[in-house]
Amino acid sequence: MYSSPPSEAQRLADEPLRHSQLLLSASEALQGAMTVDDVIRAVADLVSGDLVPSHVGIMLLDPVAGQLNLVTTDPLPPGPAERWATVPVASDQSAARAVRERRPLFFRDRDEFREAFPDQAGDLDEIGWEALVCAPLMGGDGPLGTLRFAWADPQRLDVSERAVILSLASYVTQALERANHLHDRITVAETLQRAMLPVLPAVAPYELAAHYQPAHRIDQVGGDWYDAVCLPDGRLALVIGDVTGHDIGAAASMGALRNMLRAYLLDEGISPSGALSRLDLANNALGDRTMATAFVATLEHDADQGLVLRWSPAGHPPPILLCPDGRSLLLSPTGLMLGVRPHLPRLTHTEALPSGSTLLLYTDGLVEVPGTGLDEGIERLQRFVEDNGDLPLDRLLDALLTDHRGYAHHDDVAMLALRVP
């Protein structure tokens, strides 16, 4: 049955409900926005169903450079883009004026815009805009930029529509502040984490390579670390570990454990199990008990066995030793993780390292696959190492992150590899 389109009177009567639904949807959608791009996509999706602008953009303020930079899902034509995508705050461009004067600018058609900005009216003709709104985004510490809407046709922009736009600007401001705060926290955590990762020592004739990859999700930073230390008695110590948690606290705890372990390893003749035991006791006695997994090994020459690896695990996924004939073995058992029973005795195991062998230490982010168990992930990793073990060490580690994984990682990954010539 045919139904006639709603009349103008009916549309106006329904407008308050539509606007309320729009603002409710905006509040819900922007709650989950974690980056500036998330914010602009959410706003563009929301307003397309009601206000129907032909352009939605955020002019972000860069206080250091003194300019506004456009973020949008709808790029501008090349000519106007040079004048509208990056705008000095001191200029007389509409977005800059809205920021400086801290008030919204509404232009229902080109005539109104031409009265305020006669030198810029030609840009609206070239872009194809008829109406324009610039709403300042006022954060707690000052302006963040402007929210800009533009339409290809004249707009009423009555009191109701202006109220909706200003409410959206308020929601966008809150979302941007949350995104900026999260970005700052993640940047600090990643900087702290990377700063505590060591520069690998020169250990000729052996080869060493390492790689650290942050988690795919920006709200996840972890406590993964690796280390390689040349000991005073001529041995080489290899360490990998993972503090539980995914925040800046985990990164700080990782730094504390790493530095304590380094100090204990410098004690002449200390075994891997002895270093882990002392670390676990100190971890328990000196404050909050940090839960972590770790694997400590020393590379040394034995009078009877030649080159050997002495190692002790603390709940960590078993490293893979690739033999010259292409077979591999797991250095298990895994032992008890740190922070559980600090007085429990730990064992040191020994494994011969033949010429041409490769040792891979890694954290669980490399083998955790959604929907599968850890053992299955380790078996898959072991097969990949056997098939690709002839690659140079750096390329092998790159391949482990790209070809081996092939999916977005939700945990950070640390790897340390040693090759015997």
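The sections below set out a description of the structure shown in this document.

So, the overall build of the protein chain
Then, in step 1: Counting its secondary structure elements, the protein chain contains 11 helices and 16 strands.
Then, in step 2: A compact globule built from 421 residues would reach a C-alpha radius of gyration of about 22 Å, whereas the protein chain, at 30 Å, exceeds it by more than 25%.
Then, in step 3: Structurally, the protein chain occupies a C-alpha span of about 95 × 55 × 40 Å along its principal axes.
Then, in step 4: Going through the 421 residues of the protein chain one by one, you find that 49% of them count as buried.
Then, in step 5: Considering only intrachain contacts with a sequence separation of at least 6, the fraction spanning at least 24 residues in the protein chain is 65%.
Then, in step 6: Accessible area of the protein chain: about 19300 Å², with a carbon and sulfur share of 52%.
Then, in step 7: In the protein chain, 32 side chains carry a positive charge and 58 a negative one; their mean positions are 3 Å apart.

Section: the nonpolar core
Soluble globular proteins tend to bury their nonpolar side chains together.
Then, in step 1: Of all hydrophobic cores here, the largest spans 48 residues; its most connected members are Leu238, Leu265, Leu299, Leu309, Leu353, Leu359 and Leu418.
Then, in step 2: The residues contacting Leu265, other than those within four sequence positions of it, are Leu231, Ala237, Val239, Ile270, Ala275 and Val296.
Then, in step 3: Residues Leu30, Leu46, Ile58 and Ala175 belong to the second largest nonpolar core, which totals 32 residues.

Examining the sheet that holds strand E8 (residues 223-230)
Then, in step 1: Across the sheet, which stays open at both edges, the five strands sit in the order E8-E9-E10-E11-E14 with antiparallel pairing between neighbours. Each end of this open sheet is capped by a strand with a single partner; those strands are E8 and strand E14 (349-352). Each strand axis lies, on average, 20° off the axis of its neighbour in the sheet, ignoring direction.
Then, in step 2: Judged from the eight bridges that link them, strand E10 (residues 292-302) and strand E11 (residues 306-314) form a sheet pairing that is antiparallel. The residue bridging Phe295 from the neighbouring strand is Pro313, located in E11.
Then, in step 3: Docked against the sheet, helix H8 (residues 248-265) engages E8, strand E9 (236-243) and E10, running at close to 20° with respect to E8.
Then, in step 4: Packing of helix H9 (residues 272-285) onto the sheet brings it into contact with E10 and E11, and relative to E11 it is tilted by some 25°.

Points about the pattern of salt bridges
Then, in step 1: Scanning the model with the defined rule gives 20 salt bridges in all.
Then, in step 2: We note a salt bridge from Asp111 to Arg114, for which the minimum N-O separation is 3.2 Å. With a gap of three residues between them, Asp111 and Arg114 both fall in helix H5 (residues 110-116), about one helical turn apart.
Then, in step 3: In this structure Arg114 comes out as partly exposed when scored by relative accessible area, which is 34%.
Then, in step 4: Each of Asp233, Arg235, Glu300, Asp302 and Arg310 takes part in one network of salt bridges that share partners.

A short note on H8
Then, in step 1: Helix length check: H8 (18 residues) gives 26 Å between terminal C-alpha atoms against 26 Å at 1.5 Å per residue, within 8%.
Then, in step 2: Turning to H8, its buried residues number three or more, namely Ala250, Ala251, Met254, Gly255, Leu257, Arg258, Leu261, Tyr264 and Leu265.

A look at the pairing of E11
Then, in step 1: Burial analysis of E11 places eight of its nine residues in the buried class, which makes it a mostly covered element.
Then, in step 2: In textbook terms, the turn of a hairpin is the stretch between consecutive antiparallel strands, and for E10 and E11 this stretch comprises three residues.

Describing the sheet that holds strand E1 (residues 55-62)
Then, in step 1: Spatially, six strands are ordered E3-E2-E1-E6-E5-E4 in an open sheet, and the strand pairing comes out antiparallel. The open sheet is flanked by strand E3 (86-88) and strand E4 (105-107), the only strands paired with a single partner. Adjacent strand axes in the sheet meet at a mean angle of 20° when their direction is disregarded.
Then, in step 2: In this structure, E1 lies alongside strand E6 (residues 142-151), joined through six bridges in antiparallel fashion. Counterpart to His55 in the pairing with E6 is Ala150.

A closer look at the side chain of Asp227
Then, in step 1: With respect to the element layout, Asp227 can be found in strand E8.
Then, in step 2: With relative accessibility at 2%, the residue Asp227 sits in the buried group.
Then, in step 3: A distance of 2.7 Å separates a polar atom in the side chain of Asp227 from a polar atom in the side chain of Arg262.
Then, in step 4: When residues no more than four places from it in sequence are discounted, the contact partners of Asp227 are Pro198, Ala237, Leu238, Val239, Arg258, Arg262 and Leu416.

Cut-offs applied
- Residues numbered from 1 in each chain as written.
- Predicted model: local features only at pLDDT ≥ 70, side-chain atom pairs only at ≥ 80, totals over all residues.
- Heavy atoms only, no water.
- Helix = DSSP H or I, 4+ residues; strand = E, 2+ residues; numbered from the N terminus.
- Rg over C-alpha atoms; globule rule 2.2 N^0.38 Å.
- Buried < 20%, exposed > 50% of the residue type's maximum accessible area, 1.4 Å probe, protein only.
- Contact = heavy atoms within 4.5 Å.
- Areas by Shrake-Rupley, 256 points an atom, 1.4 Å probe, with all protein chains shown as cover.
- Lys, Arg positive; Asp, Glu negative; His and termini not counted.
- Charge placed at Lys NZ, Arg CZ, Asp CG, Glu CD.
- Core = buried A, V, L, I, M, F, W, Y, C linked by side-chain atoms within 4.5 Å.
- Pairing = 2+ DSSP bridges.
- Axes fitted to C-alpha atoms, helices over the stretch in contact; angles between N-to-C directions.
- Salt bridge = Lys/Arg side-chain N within 4 Å of Asp/Glu carboxyl O.
- Expected span 1.5 Å × (residues − 1).
- Polar contact = N/O pair within 3.5 Å; in protein donor to acceptor, adjacent residues only side chain to side chain.

These values are about where atoms sit, not about what they do.
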